[in-house]
Amino acid sequence: IHKIEKMTGRKTRKVPEFMKKQVELLMDMLMFETGLFLTEFPQVYNQEFAYPLDYQCYGFHNLEDFCFHGLQGSAEMDLDGFSWKLVPVGYKRSSMSGQPTEIPPDVKQNIKKLLSENPFGLSVHSFMRRYESCFGQLNLRQMKCKDLVELCCLLPDCCVAVESGGGEVTVLPAGGDSDSDSKGRDKNCDTGPLHVLGEV
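Residues numbered from 1 in each chain as written. Predicted model: local features only at pLDDT ≥ 70, side-chain atom pairs only at ≥ 80, totals over all residues. Heavy atoms only, no water.

A. Structural context of the packing of helix H2 (residues 17-28) against helix H3 (residues 41-49). Between H2 and H3, the shortest axis-to-axis distance is 11 Å and the interhelical angle comes to 100°. Relative to H3, H2 is oriented roughly perpendicular. Contacts between H2 and H3 involve Met 19, Gln 22, Val 23 and Leu 26 from the first element and Phe 41, Val 44, Tyr 45, Glu 48 and Phe 49 from the second. Counted by class, the contact of H2 with H3 contains seven nonpolar, one polar and one charged residues. (Axes fitted to C-alpha atoms, helices over the stretch in contact; angles between N-to-C directions. Helix = DSSP H or I, 4+ residues; strand = E, 2+ residues; numbered from the N terminus. Parallel < 35°, antiparallel > 145°, perpendicular 65-115°, else oblique. Contact = heavy atoms within 4.5 Å. Nonpolar A, V, L, I, M, F, W, Y, C, P; charged D, E, K, R; others polar.)

Structure below.
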């Protein structure tokens, strides 16, 4: 049987004990007491133990497969909004977990800075591209938002999402009086979304 496994490349799908202990050490860290998002797990593991998380060499198809079936007894999986987290064994959600996610202050400041540099606003595509270029990835799912428009609704003091007649959305700085601006334009002359003015 062992010869057949070697010839076919079959793996045991069993995680070594030392790796399970490493995961337990991560789960014991104060910064991960409420869990570690799977999107960050490989990077954090690499930083802490100085080598990559090579779960495929043990026969697991993907990271979710590895965490669900390989780490039993060392960590558990928990769905937070739209994203999976690795959490300590026996982890219990806080009673506050059902409330809306608090948007991190640095995200708010980044959005304010980005829009202050683009007072005519940005299209959704341009906003995401420029945000990631300046500040890194904007992970909407971790903030329990299905899209950028939903995030804007949670940040009325930072930004507002305005839909043009053609259905395209422009993200504008808060306090830009977008309603009066749209009313002031000639209804018979659709100039298109506001962000076009800033991208000409």
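Alright, that's what it looks like, and here's the rest.
B. Representation of the sheet that holds strand E1 (residues 36-37). One open sheet accounts for three strands, arranged E1-E3-E2; its pairing is antiparallel. The open sheet is flanked by E1 and strand E2 (76-80), the only strands paired with a single partner. Sheet analysis places E1 next to strand E3 (residues 83-87), joined by two bridges and oriented antiparallel. Across the sheet, the residue bridging to Leu 36 is Leu 86, located in E3. (Pairing = 2+ DSSP bridges.)

C. Spotlight on the packing of aromatic side chains. For the structure shown, the criterion picks out eight aromatic pairs. With 4.9 Å between their ring centres and 55° between their planes, Tyr 45 and Phe 49 make a pair best called tilted. Here the residue Tyr 45 and the residue Phe 49 both occupy positions in helix H3, the gap between them amounting to four residues, near one helical turn. Looking at Tyr 45, the relative accessible area reads 0%, which means it is buried. (Phe/Tyr/Trp six-rings, centres within 6.5 Å; stacked < 30°, edge-to-face > 60°. Buried < 20%, exposed > 50% of the residue type's maximum accessible area, 1.4 Å probe, protein only.)

D. A look at the nonpolar core. Core analysis: the biggest nonpolar cluster contains 23 residues, and Phe 41, Phe 66, Cys 67 and Leu 86 have the highest contact counts within it. Of all elements in the fold, only H2, H3 and helix H4 (63-70) reach the threshold of two or more residues within this core. Those residues within four positions of Cys 67 in sequence are excluded, and the remaining contacts are Leu 38, Phe 41, Met 77 and Leu 86. In this structure, Leu 115, Leu 122, Leu 140 and Met 143 belong to the second largest nonpolar core, which totals 20 residues. (Core = buried A, V, L, I, M, F, W, Y, C linked by side-chain atoms within 4.5 Å.)

Coordinates in, geometry out; function isn't part of it.
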